Amino acid sequence: MDTRFRAAHVSLSLAAVTLAAACSSPQEPTAHNDRQDRIRIALTVAGQSLTGTLSDTPAAHDLSAQLPLTLTMTDFGSVEKVAELPASLSITGAPPGADPAPGDIGYYAPWNDLVLYYGDQGYHDGIVRLGTLDGGVDVIGQHTGDLLVRIEHVRD
């Protein structure tokens, strides 16, 4: 009887260790790896230079593959500038929607639009966050009507 008790105890202990290992959160990426996974971009907006960072997501990588781009962006809802992309972006693994903040770079999948947010949009299905601008949100928001925007990779 003692042998069966020990075998059961060992089995339960192994199961608990395995479960704990499976439930533990993955290690945070190091700053070095985090920098490698992100894509730096340069934007020229109404003749002014801005920079931004794209996330390590399928949609952001698809956008990166389309660069350089020159887009005529129009104002939408007094909170964002939008322009249709030449090709759609993968939304694999993306949540069904997002609540972008001013300074976010996004993709509105239903319309295949690249979006630069300069105001508070609020949550909406179909929005996929692609990255963030490093600043200059006011440059985007102060222009009414169409806005010519050039986006390219940051040159080292």
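Relevant structure appears above.
As the structure is a computational prediction, the values presented were derived from the model and not from experiment.

Student: Break down the pattern of salt bridges for me, with residues and values.
Tutor: Any two side chains of opposite charge can pair if their charged atoms end up close together. Counted under the stated rule, the structure contains 5 salt bridges. Between aspartate 75 and lysine 81 there is a salt bridge, with its nearest N and O atoms 3.2 Å apart. Taking relative accessible area as the criterion, aspartate 75 reaches 28% and is therefore assigned partly exposed. For arginine 129, the salt bridge goes to aspartate 104, with nearest N and O atoms at 2.9 Å.

Student: Got a sec to walk through the environment of valine 149? Specific residues and values, please.
Tutor: The topology assignment puts valine 149 in strand E10 (residues 147–153). Classification of valine 149 by relative accessible area gives buried; the value is 1%. For the pair valine 149 and threonine 70, spaced 79 residues apart in sequence, the C-alpha separation works out to 5.7 Å. If sequence neighbours within four positions are ignored, valine 149 has contacts with Leu43, Thr44, Val45, Leu69, Thr70, Leu71, Met73 and Leu116.

Student: Explain the packing of aromatic side chains residue by residue, including any values.
Tutor: Going through the model one piece at a time under the given rule, you end up with 2 aromatic pairs. Centre to centre, the rings of phenylalanine 76 and tryptophan 111 are 5.7 Å apart; their planes meet at 85°, and the pair counts as edge-to-face. Separated by 35 residues along the polypeptide, phenylalanine 76 in strand E3 (residues 69–76) and tryptophan 111 in the loop between strand E6 (104–108) and strand E7 (113–117) bring together distant segments of the chain. By relative accessible area, phenylalanine 76 is classed as partly exposed at 40%. Considering the side-chain rings of tyrosine 108 and tryptophan 111, the 5.2 Å spacing of their centres and the 85° angle between planes classify their relative orientation as edge-to-face. By relative accessible area, tyrosine 108 is classed as buried at 17%. Every member of this aromatic cluster is reached through a ring pair, and the members are Phe76, Tyr108 and Trp111.

Student: Provide a residue-level description of the side chain of aspartate 113, including the pertinent values.
Tutor: The topology assignment puts aspartate 113 in strand E7. At 13 Å, lysine 81 is the nearest oppositely charged side chain to aspartate 113, a buried residue that forms no salt bridge. Each residue touching aspartate 113, except ones within four places of it in the same chain, is listed here: Val82, Ala83, Glu84, Gly106, Tyr107 and Tyr108.

Student: Account for the pairing of E10, naming residues and giving values.
Tutor: Direction of pairing for strand E1 (residues 39–45) relative to E10: antiparallel, over a ladder of 5 bridges. In the sheet register, alanine 42 faces E10, and the bridge partner there is glutamate 152. Relative to E10, E3 is paired through 5 bridges, and the arrangement is antiparallel. Following the sheet pairing, threonine 72 is matched in E10 by leucine 148.

Student: Any chance you could break down the environment of proline 100 for me, citing the residues and the numbers?
Tutor: Along the chain, proline 100 turns up in the loop between strand E5 (97–98) and E6. Note on proline 100: relative accessible area 1%, which makes it buried. Note: C-alpha distance between proline 100 and histidine 124 (24 residues apart in sequence) is 8.8 Å. When residues no more than four places from it in sequence are discounted, the contact partners of proline 100 are Tyr117, Asp120, Gln121, Gly122, Ile127 and Arg129.

Student: Can you lay out the side chain of glutamate 152 for me, pointing to particular residues and giving the numbers?
Tutor: Mapped onto the fold, glutamate 152 is located in strand E10. When sequence neighbours within four positions are dropped, the list of residues in contact with glutamate 152 reads Ile41, Ala42, Leu67 and Pro68.

Conventions adopted
- Residues numbered from 1 in each chain as written.
- Predicted model: local features only at pLDDT ≥ 70, side-chain atom pairs only at ≥ 80, totals over all residues.
- Heavy atoms only, no water.
- Salt bridge = Lys/Arg side-chain N within 4 Å of Asp/Glu carboxyl O.
- Buried < 20%, exposed > 50% of the residue type's maximum accessible area, 1.4 Å probe, protein only.
- Helix = DSSP H or I, 4+ residues; strand = E, 2+ residues; numbered from the N terminus.
- Contact = heavy atoms within 4.5 Å.
- Phe/Tyr/Trp six-rings, centres within 6.5 Å; stacked < 30°, edge-to-face > 60°.
- Lys, Arg positive; Asp, Glu negative; His and termini not counted.
- Pairing = 2+ DSSP bridges.

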